[in-house]
Amino acid sequence: MYAGRPVRTGRVVLVAGVLLALSAVGFGVTALVRAGDPGRSPLHRAVEAYLHTVGTGGTAPTAACASAADPAAELRRRGARFGHRIVSSTEGGGQATVNVDLTPEPGPGAAVAYSLDLVRTGGVWQVCSASPGHVEIDPFD
């Protein structure tokens, strides 16, 4: 410091504070977008692909699960064609549960809640079963 000259640290601190706040807001928004983007998750990508295939009338891939019921047939019980939205999911140890809402297509109609159970075999997520309703998923798991 120079004797007799005022030190202008206030402006520097203010500018640094504003830059820090802006970067924190930017980081927070980026983190929220990434956390809510199902396209970044292999699990969600597999569910999206499966539901798109089944919901547009395509043949669902056969899973290597020990399930007697056909999940695609269960999903089509309410209509041959449907749209979908992933609501929530949880995964661990090669198993996952994904809550989805199915919407009838074409036309208006109420969304129908379903829960899908999946297993990961050879690094690939496969739908093993579909059940009406959502399961409770703890967001802190």
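The structure under discussion appears in the preceding block.
Residues numbered from 1 in each chain as written. Predicted model: local features only at pLDDT ≥ 70, side-chain atom pairs only at ≥ 80, totals over all residues. Heavy atoms only, no water.

Q: Please provide a residue-by-residue account of the sheet that holds strand 4 (residues 124-132), values included.
A: Here we have 4 strands laid out as an open sheet, ordered 1-2-3-4, and antiparallel in their pairing. In this open sheet, the two strands that pair with only one neighbour each are strand 1 (82-92) and strand 4. Neighbouring strand axes in the sheet, compared pairwise and without regard to direction, differ in orientation by 25° on average. Relative to strand 4, strand 3 (residues 112-121) runs antiparallel, the two being bridged by 8 bridges. Directly across from Leu118, in strand 4, lies its bridge partner Val127. Against the sheet, helix 2 (residues 42-55) contacts strand 1, strand 2 (95-104), strand 3 and strand 4, and its axis sits at roughly 150° relative to strand 1. (Pairing = 2+ DSSP bridges. Helix = DSSP H or I, 4+ residues; strand = E, 2+ residues; numbered from the N terminus. Axes fitted to C-alpha atoms, helices over the stretch in contact; angles between N-to-C directions. Contact = heavy atoms within 4.5 Å.)

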